[in-house]
Amino acid sequence: MLFLLSAIKIMPESTSQLPVTAGNEPLPQANGTPSVLVIIPTYNESENISRVIERVFSLYPSGLDILVIDDHSPDGTAKNVKELQPHYPGLHLLERNSKQGLGTAYLAGFRYALQGSFRFVIEMDADFSHDPEMIGSLLGAMESADLAIGSRYMNNTVNVVNWPLGRLMLSKLASLYTRLITGMPVSDPTSGFKCFRRIVLESLDLRRINSQGYSFQIEMNFRAWKKGFVIREVSIVFTDRTVGRSKMTRKNIREAVWIVWWLKIKSMAGLL
Ligand SMILES: Nc1nc2c(ncn2[C@@H]2O[C@H](COP(=O)(O)OP(=O)(O)OP(=O)(O)O)[C@@H](O)[C@H]2O)c(=O)[nH]1
Ligand SMILES: [Mg+2]
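Please read these numbers as outputs of a predicted model, since none were measured by experiment. (Residues numbered from 1 in each chain as written. Chains lettered and ligands numbered in written order. Predicted model: local features only at pLDDT ≥ 70, side-chain atom pairs only at ≥ 80, totals over all residues.)

Caption draft 1: Expanded view of the confidence of the model for the chain. Put simply, the chain has an average pLDDT of 88, and 88% of its residues get 70 or more. Note that pLDDT drops below 50 for residues 1–25; the model gives that stretch 49 contacts with residues more than four away or on any other chain. (pLDDT = per-residue confidence, 0-100. Contact = placed C-beta atoms within 7 Å.)

Here is the structure:
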């Protein structure tokens, strides 16, 4: 039986005093060059991808580019992106020839970002679980952070809409487990809605990132934290996808269980 959960409590936004960039305001540009790259990995997201691209560009018409990284989705996701490219010069597409996992998709996106002059790099899902309006809040938090994480669990609240109870428990347990083992002060370490300052990506040796699935988020946070970068969380409401299917697998869960130990031990041994 599935239990449906509604947003339980939405705390006042912790970034309320932070500036700008929400809604239709243009983002800062350096010499007319977009300073923000939003990376959206996709696998079979043809029902979502066009809408999410249009939504992001309607909210942030300048100063921001989007990179879609598609793993040869059989449903034609990449074709939808190509159809939109003539309308949006800031829309980029990286096509890979097979499904290779979320982690390697983001790593490819980071390399792409570092080849350009982007100052901020955002991770976002294609399925509208991450509200494009919150991009502004993430960027606002970057005024005083090197890594901003959109958190579902700030201040002991649960801001998740329409997740089955089992899925919520899994996510909450993963967060508690990660905090307990690593000591990392992040309430939602598996969140995939976040913003990196360029220097963070430049400082981490991306070739050493091992995680393939969702533990990729934990590993990136942990490595940034251990390097002393400032991490801030921003309260977000996460809404379960309404179209398309989740790609989460049991293998992803098993990977997250051992990766936190692996990170902890490597860090203690000074081998991170
Ligand atoms: N390029 C690429 N994208 C992927 C891969 N696996 C998942 N994605 C994308 O990564 C994003 C997150 O995947 P989801 O299936 O929504 O996973 P999730 O958000 O953790 O889980 P749900 O809450 O069940 O949706 C989506 O935009 C997917 O299309 C992959 O192997 N390659
Ligand atoms: Mg999702």
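Caption draft 2: Local environment of the site of ligand 1. Taken together, 22 residues form the shell around ligand 1, and within it Pro41, Ala105, Ala126, Ser246 and Lys247 come nearest. Contributions of two or more residues to the shell around ligand 1 are made by β3 (36–42), β4 (64–70) and α3 (102–115). For the shell around ligand 1, the per-class residue count stands at 8 nonpolar, 5 polar and 9 charged. (Near = placed C-beta within 6 Å. Helix = DSSP H or I, 4+ residues; strand = E, 2+ residues; numbered from the N terminus. Nonpolar A, V, L, I, M, F, W, Y, C, P; charged D, E, K, R; others polar.)

Caption draft 3: Expanded view of the pairing of β4. Most of β4 is tucked away: 7 of the 7 residues are buried. Note that β3 and β4 share 7 bridges and pair parallel. Note on β4: the bridge partner recorded for Ile40 is Val68. The parallel pair β3 and β4, bridged by helix α1 (residues 49–59), forms a crossover whose chirality is right-handed. (Buried ≥ 20, exposed ≤ 12 C-beta atoms within 10 Å, placed from the backbone. Pairing = 2+ DSSP bridges. Right-handed = clockwise from strand over helix to strand, strands pointing away.)

Caption draft 4: The arrangement of the sheet that holds β3 in detail. The mixed open sheet is built from 7 strands, whose spatial order is β5-β4-β3-β6-β9-β7-β10. The open sheet is flanked by β5 (91–95) and β10 (231–235), the only strands paired with a single partner. Averaged over all neighbouring strand pairs, the angle between strand axes comes to 20°, with direction disregarded. Pairing of strand β6 (residues 120–123) with strand β9 (residues 194–197), which is carried by 4 bridges, proceeds in the antiparallel orientation. Bridging from a neighbouring strand, Ile122 pairs with Cys195 of β9. (Axes fitted to C-alpha atoms, helices over the stretch in contact; angles between N-to-C directions.)

Caption draft 5: Just helix α2 (residues 77–84), in detail. Residues Thr77, Ala78, Asn80 and Val81 constitute the buried set of α2. The arc that holds every buried residue of α2, seen down its axis, measures 155°, which confines them to one face. Exposed and oriented more than 90 degrees from the buried face of α2 are Lys79 and Glu83. Buried residues in α2 make contact with β3, α1, β4 and β5. (Arc of directions from axis to C-beta.)

Caption draft 6: The arrangement of the environment of Gln217 in detail. Within the element layout of this structure, Gln217 appears in helix α7 (residues 215–226). Taking the C-beta count within 10 Å as the criterion, Gln217 has 26 such neighbours and is therefore assigned buried. Contact partners of Gln217, with chain neighbours within four places excluded, come to Pro189, Thr190, Ser191 and Gly192.

Caption draft 7: Expanded view of the environment of Asp188. Examined against the element boundaries, Asp188 turns out to sit in the loop between α5 (165–182) and β9. Given 27 C-beta atoms within a 10 Å radius, Asp188 is considered buried. With 36 residues separating them in the primary sequence, Asp188 and Arg152 have C-alpha atoms 6.4 Å apart. Those residues in contact with Asp188, other than ones at most four positions away along the chain, are Ile149, Ser151, Arg152, Tyr153, Ser175 and Glu233.

Caption draft 8: Up close: the packing of α5 against helix α8 (residues 250–268). Between α5 and α8, the shortest axis-to-axis distance is 9 Å and the interhelical angle comes to 20°. When the interaxial angle is binned, α5 and α8 end up roughly parallel. For the element pair α5 and α8, the recorded crossing hand is right-handed. Residues Ala174, Tyr177, Thr178, Ile181 and Thr182 of α5 form the contact with α8, whose own contacting residues are Ala256, Val260, Trp261, Leu263 and Lys264. (Parallel < 35°, antiparallel > 145°, perpendicular 65-115°, else oblique. Left-handed = near helix turned anticlockwise from the far one by under 90°.)

Caption draft 9: View of the packing of α1 against α2. Viewed as axis vectors pointing N to C, α1 and α2 meet at an angle of 35°, and their least axial separation amounts to 9 Å. For the crossing formed where α1 meets α2, the hand is right-handed. Judged by residue contacts, Ile49, Ser50 and Ile53 of α1 engage Thr77, Asn80, Val81 and Leu84 from α2.

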